[in-house]
Amino acid sequence: HVKVTLVPLIADAINDVGADDGIDTIVVTMRVVVGPTSLIASAVSGTSVTLTWTDISPSEYNGVTRNFLLKYTSNGSTKSTNTSSSPMLTISTLSPATKYSFTVAAVSSGGVGPDSIAVNVTTSQGAPQKPTISSTPTATSIAVMVSVANTDFIPSLYCVTFTRSSVSGVTDSPAVVTTVCNSTSTVTLSPAQEDAMYSFEAVVNNTAGVISPVSSPSTVSTPTAAPSAAPTGLRTEAVTDTTISLTWTDISYLDDNGAFQRFQVVYSRTGDSFLQNGGSPTTNSVLVSSLAHLTSYTFTVYVVSSGGDGPRSLPLTVSTAQSLPPAPTILLSTAATSFTVTVTVTAGNFKISKYCCNFTRTMVSGVGLPLPTVTVCSDTNTIALSGIEEDATYTVSAFANNTAGGVSNGSAAQTVKTSVAAPSSAPEGVSVSTITATTATVTWSPPPLLQRNGPISKYLVFYNEPGKFASSATSTSTTTNITGLTFLTSYDIQVAAVSTSGQGPTSVPIRIATIQAVPPAPTVSSSSTTTTSITVVLNAVTGDFNVGQYCGKFTRTMVSGTTLPLPVVTVCSSSVTLMLSGIEEDATYTVLASVNNTGGQTGPDSTMLSISTKNAVPASAPTNVMKTSDNATSISITWTAVPVLDFNGIFIAYEATYARKGMAALPTVRSTTTSVVIGGLSFDTTYTVQIAVVSQGGTGPLSTIIDASTSQDTPPMPTLALSRTSTSISAVFSVTAGLFTISKYCGTFTRTMVSGQTMDSSGQALSLPAVMLCSDTTTVGITGIEEDATYTITGIVNNTAGQASPNSALMTITTMATPPSVAPGNLHETGSNATAVTLVWDAVAFLQLNGALVKYNVNYTNPGIMSVDETSRTITISGLTFASTYQVQVAAVSTGGTGPYNAVNAMTSQDIPPAPTVIFSTTTTSITATLAVTAGNFLIDMYCAKFSRTKVSGQAYVLPEETLCSSATMVTLTGTEEDAEYNVIVFVNNTASQASPDSSTLTANTMPAAPILAPGSVTETDRNATAVVLAWTAVGVLQLNGMFLRYNIKYTVGSNPMSVDETATTITINGLVFATTYTVQVAAVSTGGTGPYASITATTLQDVPPAPTATFVPTPTSITATLSVTPGHFQLAKYCASFSRTQVSGVSLPLAAVTLCSSTRMVVLTGIEEDAKYSIIAFVNNTASQTSSNSAMYTTDTVAAAPATPPGGITDTGRTATTITISWTPVPLLQLNGRFVNFNIQYNVNKQARSTTVTVPTVTVSGLTFATTYQIRVAAVSTGGTGPYTAINATTVQDVPPAPTAAFASTPTSITATLSVTAGQFQLARYCANFTRTHVSGVAMALAPVTRCSSTSMVVLPATQEDADYDIVAFV
């Protein structure tokens, strides 16, 4: 049972746990039970209010702490609280023009008391201040952002007035003014005119109808849009090898969308994506140059205006042409009966299909004998003409054809002549004398005079071995010496005469044979001797001979220093080695050598050589050779001496020859005794040794081979480097290098402890006997041993001779420990609260620690992974989150590391929630309580409210308490009466089903209702283009359901919803768009809210359009009129123009007016005459069928066309060396397509284009070059342009040359005439002279005239008689 004592002013509950009566005493603190009085509001502004009240008496607080809790509700929705310690509080965070209900309650340590009686306050609102504005334009809209500095008002409308002053630089007269309003701060004018200048200013309305000052004006320009259409009809006008001329049809200027700047032409090689600039013309044509010939290109064109780049036209693919090849040059080579011409054409923009030559014979042997021109063509540039006469003169010129059939101009003509015949008979009396090994002298007589065929310029002497190719020598006399022949060789010799016309036949061959020369004295290359022989090696001799034998004459002079001569002994050999054998030891000989050729001729003797035979070498080898001692680098050898009689000379020494066994011999060692020490050897190596005696006669035979080996040193003490794992130890040996070879490395391993202990738990020693392990490598290891075991280690090495090194220093090492093998056991939670848990566990057994215990590691997540170390077997983890589950892991940590973890889930508890606070929002039929709880260590499960109705419309009308709960913070009571009062108490439950204390009792009132009827009889009473006037009947008082406040009117302008309040029953709505239908709604607003809306449809009118202006674009057969109308409050339906013809080609020819209309700005009159004049008047209709006044009258002319045909009958009527006169028939009048202007004549002079104009059908073109072909073309020009051309090829003539003058030079057998001609309008082909012999040596000996011609100015008469007189007449 419980005893309850009410004790005021006690702060906390106390549990009496000391009494033995079994009764617990609970001390309860009482909360305040009365509320403050006289709550008054003052100093009300748009954002603040000051509240004062009368405090309750101190005895009524029922607690220690004293303060106040102020609550207020705005429009029945959001509830806020403020705390004050004094009975006055100013709240300065209110919203303007908002109704608030305020209450205040006293607060003590016992809780919050009841609310005071509410006081209702409505905040005022200030006037909007002058706004600031900024803008963002596009081509078709302007968005204006309106900002106001003060916030103590509620904005209802933001309005911006836009004034357009110009479009595309053209001033609007009058300016176009548009006002746009929006309920948000961004106001957009759409559509706006592109490329237009606007000024704008803004005002802001609050909901009380107060309008701000007008903002400072601002200006903005809308950008220009890019062109919206692409040029059409892209086509070629002309194509050359490097250029393509293009033209196209321009887009309408209406599609420029801005100021036209240029056209842009781009192109690429067909199939290539790389674009190139083809030009930026301002007219609709372009010439694209620097192209490659015979190449395909793809072109497009687009318009560039001030608004950017327009779309591209359809592509056009065109291939370039090729040019005519230029006139070629030629290179001629001649023979007696043929010409070969090499044609060269300078590379260019063409492709040659064939090369051609024109051959024209003019003379044969100086006699005029012309033949028609022969043309020979080839697909290569080498052309031959064969089978023609000797001494024939031809003129040759060349031309080339390209693959398109074009023909180049001809090359400059060249004159060339075939050669005359060579001598027809061979030289006579050919003989050969003075033949040597390499030379022969040849002598002959000239051919007979009649067979020489001209002067002999030289002789060719041919010589060759029979059956082989001939060589030749040249001589201008009748004898020559042939050199460079080969000895003992047969040659055939022939002679031929050569004249200026070529080589004649060769003489009958004469065969000769060369001889050989006598050999020279030889030289000695080397010599050598033995005890019984002498060998002499000669250097081989070479020359114009064949060697028969090498011979040596050997003459003995002394034996062992005593003069003892013998007769000469001659030794001969076919080789260069001569040997004399079977002679005495130590004998001296002189030697003379010589050489015989195969013809038996002997050459001179060599220089004398003196040489002696040798003494004999020792006759026997040492015996009993043996090794007597050795070390690592040397061996000692002894032997039995050679008998003195076997020395065969004076004893010098014994010589030991040795080598590594199986390898090449090393340098010898000498000794004068019968023993020797051989040093500098390699250790542990076998050598072969032989001994020989050395005397004055040389080295005797070697002894029998013996094997002798070096020994090796004992290795020094090794050093060890140790490494370990948990179950192995490795020792790496290092030994200082020396004179030994190691065979094995050995280590002795002795276990002394395990885990630092010498004894195990049973008292057994943990040491083990030593273990020796050996390896043929430097690493010796022991494996499969215990973890954390301590070993001592020492090592030795053995050489291959079985010698052991000293022991290494004793070393100690311990194997590595491993982590514990099991986790701590029996891990469990022993206690918890909202922020902490306590855990305990069992220790890991010593045997499973695998080392000494260091600590326990504890891991958990909060919210990241946390790690804590603990040396005991319990831990309290704090700082956790209430009502949360944590996985905690614990592992033992030993000297070997961290073992496995054991895991357990631990859970924190939660606190009981405190009493919640609440704010109310109400409707006419519901109360919503929104609960708030001070955060703590708990989770809320349910929010609950107890509702008790006390009054309805101020009358007591009680209903029983109803408790409602929700998992959300909002608890709603629905189905309540309008204007009803409820008492409400709130509380919460946590997820552990623990309930908070109840809140204090609060009061909430439902709202009154809005009007139930809409205004009646809404009608449109007036309208214009931008405004409508509406009127309606008022809502009855009984249907208002409250006090009348105002009427609310809603409508939409563009995409902007508009809302306007009005207290009267009529309204004028301004700022509308012309010819637009609006739906307008009207509703009554009372203190209970806004009632239903009544709707009406109202339509604005439109203005009559002003007179349009027009621009015109004529063609030969059409006129396009483009109309412009100053924008205004109207919508155009049709653009119309009346066309009246007045003249055709300047002749009065009126036609009745034709009126055409279009839905676009362009009105086109087609199918009319060229060169016609029209008067035009324009007007427009709006969509209400209202017609504007007429425009001013305009006058324009259609374009005249160019002539349709070329002039006819063009003929060449006269030519001189420098002029050509041509005539033609004029173009018929009907084909002129306009009034005749003149004729245009075009031609080229020296590759320079020339042109002239005439008005009659004949012209003389002057300043030309003689003997040159010109193409001249003529076209008619009318007022419509230049028509097509007709062309003629005409060639200028040349003047007859004047008589030449001549100068002469003569030799005994020729006369050369050098001719000179005054330059003029002609081109010389030949220079000629008639030679008439009259006397020889003063005796009259006339001959018929001989005519000689030349392509040069020098004319030669050859083969004349010496001392002869000639009469000469020259011409060209």
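Residues numbered from 1 in each chain as written. Predicted model: local features only at pLDDT ≥ 70, side-chain atom pairs only at ≥ 80, totals over all residues. Heavy atoms only, no water.

Undergrad: I'd like a description of the overall build of the protein, backed by residues and values.
TA: Scanning the protein from terminus to terminus reveals three helices and 109 strands. In terms of overall dimensions, the protein is more spread out than a globule: its C-alpha atoms have a radius of gyration of 68 Å, far above the 34 Å expected for 1372 residues. Reported as C-alpha extents along the three principal axes, the dimensions of the protein are approximately 180 × 145 × 40 Å. Within the span of the protein, comprising 1372 residues, buried residues form 38% of the whole. Surface exposure of the protein reaches about 67200 Å², of which carbon and sulfur atoms provide 54%. Mean positive and mean negative side-chain charge positions of the protein (50 and 71 charges, respectively) differ by 12 Å. (Helix = DSSP H or I, 4+ residues; strand = E, 2+ residues; numbered from the N terminus. Rg over C-alpha atoms; globule rule 2.2 N^0.38 Å. Buried < 20%, exposed > 50% of the residue type's maximum accessible area, 1.4 Å probe, protein only. Areas by Shrake-Rupley, 256 points an atom, 1.4 Å probe, with all protein chains shown as cover. Lys, Arg positive; Asp, Glu negative; His and termini not counted. Charge placed at Lys NZ, Arg CZ, Asp CG, Glu CD.)

Undergrad: Tell me what's going on with the nonpolar core, and back it up with residues and numbers.
TA: By size, the foremost hydrophobic cluster in this structure holds 25 residues, and its most contacted members are Leu 1030, Trp 1032, Ile 1049, Tyr 1051, Ile 1069 and Val 1080. Only strand 13 (155-167), strand 82 (1028-1033), strand 83 (1044-1053), strand 85 (1066-1069), strand 86 (1077-1086) and strand 87 (1089-1099) provide two or more residues apiece to this core. In this structure, Trp 1032 is in contact with Pro 1015, Gly 1016, Ser 1017, Val 1018, Tyr 1047, Ile 1049, Ala 1064, Thr 1065, Thr 1066, Ile 1067 and Val 1082, ignoring residues within four places of it in sequence. (Core = buried A, V, L, I, M, F, W, Y, C linked by side-chain atoms within 4.5 Å. Contact = heavy atoms within 4.5 Å.)

Undergrad: I'd love a proper account of the state of the cysteines, names of residues and values included.
TA: In total, this model carries seven disulfides according to the counting rule given. In this model, Cys 746 is linked to Cys 774 through a disulfide, with the two sulfur atoms separated by 1.9 Å. Classification of the bridge connecting Cys 746 and Cys 774 rests on its S-S torsion, roughly 110 degrees, and on that basis the disulfide is right-handed. With Cys 746 in strand 60 (residues 742-754) and Cys 774 in strand 61 (residues 771-775), this residue pair connects regions lying 28 residues apart in the sequence. For Cys 1136, the disulfide goes to Cys 1157, at an S-S distance of 1.9 Å. One quick way to see it: the torsion about the S-S bond of Cys 1136 and Cys 1157 is about 110 degrees, and its sign makes the bridge right-handed. Highlighted residues: Cys 1136 in strand 90 (residues 1132-1144) and Cys 1157 in strand 92 (residues 1154-1158), separated in sequence by 21 residues. The exposure class assigned to Cys 1136 is buried, which follows from its relative accessible area of 1%. For Cys 1157, a relative accessible area of 40% corresponds to the partly exposed category. (Disulfide = S-S within 2.5 Å.)

Undergrad: Quick one: what's the story with the pattern of salt bridges, residue by residue and with numbers?
TA: Evaluation of the coordinates by the stated rule reveals 17 salt bridges. One salt bridge connects Asp 630 with Lys 627, and the closest N-O pair in it is separated by 2.9 Å. Looking at Asp 630, the relative accessible area reads 33%, which means it is partly exposed. Overall, Lys 627 belongs to the partly exposed group, its relative accessible area being 32%. For Glu 786, the salt bridge is made with Arg 751, and the minimal N-O distance between the two is 2.5 Å. Separated by 35 residues along the polypeptide, Glu 786 in the loop between strand 62 (779-783) and strand 63 (789-799) and Arg 751 in strand 60 bring together distant segments of the chain. We classify Arg 751 as buried; its relative accessible area is 9%. (Salt bridge = Lys/Arg side-chain N within 4 Å of Asp/Glu carboxyl O.)

Undergrad: Hey, could you go over the sheet that holds strand 15 (residues 186-189) for me, with residue numbers and the actual values?
TA: Taken in spatial order, the three strands make up an open sheet running 11-12-15, and their pairing is antiparallel. Edge positions in the sheet fall to strand 11 (132-137) and strand 15, since each has one partner strand and no second. Pairs of neighbouring strands in the sheet enclose a mean axial angle of 20 degrees, with direction left out of account. Pairing between strand 11 and strand 12 (residues 142-147): six bridges, direction antiparallel. Bridge pairing in strand 12 places Thr 132 opposite Ser 147. (Pairing = 2+ DSSP bridges. Axes fitted to C-alpha atoms, helices over the stretch in contact; angles between N-to-C directions.)

Undergrad: Could you give an account of the environment of Ser 1055, naming the residues involved and the relevant values?
TA: With respect to the element layout, Ser 1055 can be found in the loop between strand 83 and strand 84 (1056-1062). With 161 residues separating them in the primary sequence, Ser 1055 and Ser 894 have C-alpha atoms 78 Å apart.

Undergrad: Describe the side chain of Thr 613, naming the residues involved and giving the relevant values.
TA: For Thr 613, the location among the structural elements is in the loop between strand 49 (609-612) and strand 50 (623-630). Within the structure, Thr 613 has its side chain in polar contact with the backbone oxygen of Glu 584 (distance 2.6 Å). A polar contact is formed between the side chain of Thr 613 and the backbone nitrogen of Ala 587, at a distance of 2.7 Å. Leaving out residues up to four positions away in the same chain, Thr 613 has contacts with Thr 529, Thr 530, Thr 531, Ser 533, Ile 534, Ile 583, Glu 584, Glu 585, Asp 586 and Ala 587. (Polar contact = N/O pair within 3.5 Å; in protein donor to acceptor, adjacent residues only side chain to side chain.)

Undergrad: Explain the packing of aromatic side chains to me, and be specific about the residues and the numbers.
TA: If you walk through the whole model with that rule in mind, you get 22 aromatic pairs. Arranged with centres 5.4 Å apart and planes meeting at 70 degrees, the rings of Trp 53 and Phe 68 form a pair that is edge-to-face. Placement of Trp 53 in strand 4 (residues 49-54) and of Phe 68 in strand 5 (residues 67-74) is noted, with a sequence separation of 15 residues between them. On the basis of an interplanar angle of 80 degrees and a centroid distance of 5.2 Å, the ring pair of Phe 339 and Tyr 394 is categorised as edge-to-face. (Phe/Tyr/Trp six-rings, centres within 6.5 Å; stacked < 30°, edge-to-face > 60°.)

Undergrad: Mind laying out the environment of Thr 934, listing which residues take part and the relevant values?
TA: Residue placement: Thr 934 occurs in the loop between strand 74 (926-932) and strand 75 (940-952). Separated by 18 residues in the primary sequence, Thr 934 and Pro 916 place their C-alpha atoms 7.3 Å from one another.

Undergrad: Could you give an account of unusual backbone geometry, naming the residues involved and the relevant values?
TA: Cis geometry marks the peptide bond from Ser 190 to Pro 191; its omega dihedral reads 5 degrees. Here Pro 191 shows up in the loop between strand 15 and strand 16 (196-206). Backbone geometry places Ala 97, a non-glycine residue, at a positive phi of 50 degrees. Turning to its location among the elements, Ala 97 is positioned in the loop between strand 7 (88-91) and strand 8 (99-108).

Undergrad: An account of the side chain of Ser 996 is requested, with residue identities and associated values reported.
TA: Of note, Ser 996 is situated in the loop between strand 79 (980-990) and strand 80 (1002-1005). Owing to a relative accessible area of 8%, Ser 996 belongs among the buried residues under this scheme. Apart from the residues within four sequence positions on either side, Ser 996 is in contact with Ile 912, Pro 913, Pro 914, Ala 915, Pro 916, Phe 987 and Val 988.

Undergrad: Break down a negative patch on the surface for me, citing the residues and quoting the values.
TA: Negative charge collects at one region of the surface, where Glu 1362, Asp 1363, Asp 1365 and Asp 1367 lie side by side. With respect to the helices, strands and loops of the structure, Glu 1362 is situated in the loop between strand 108 (1354-1357) and strand 109 (1364-1371). (Patch = residues over 30% accessible without salt bridge, like charges linked within 9 Å, V, L, I, M, F, W, Y side chains within 5 Å.)

Undergrad: A description of the sheet that holds strand 34 (residues 428-433) should follow, citing residues and the corresponding values.
TA: Taking strand neighbours across the sheet as the criterion, the three strands line up as 34-35-38 in an open arrangement whose pairing is antiparallel. Two strands in the sheet have a free side with no partner beyond their single neighbour: strand 34 and strand 38 (479-482). Along the sheet, successive strands turn relative to each other by an average axial angle of 20 degrees, direction set aside. With four bridges joining them, strand 35 (residues 440-445) and strand 38 adopt antiparallel strand pairing. Across the sheet, the residue bridging to Thr 443 is Thr 479, located in strand 38.

Undergrad: Break down the confidence of the model for the protein for me, citing the residues and quoting the values.
TA: Parts of the prediction with low pLDDT should not have their coordinates interpreted in detail. Here the protein averages 87 in pLDDT, while 95% of its residues score no lower than 70. The least confident element of the protein is strand 1 (residues 3-6), whose mean pLDDT is 36; the most confident is strand 51 (residues 635-640), at 95. Every residue in residues 1-21 is under pLDDT 50, and counting partners more than four places away or in other chains gives 29 contacts. (pLDDT = per-residue confidence, 0-100.)

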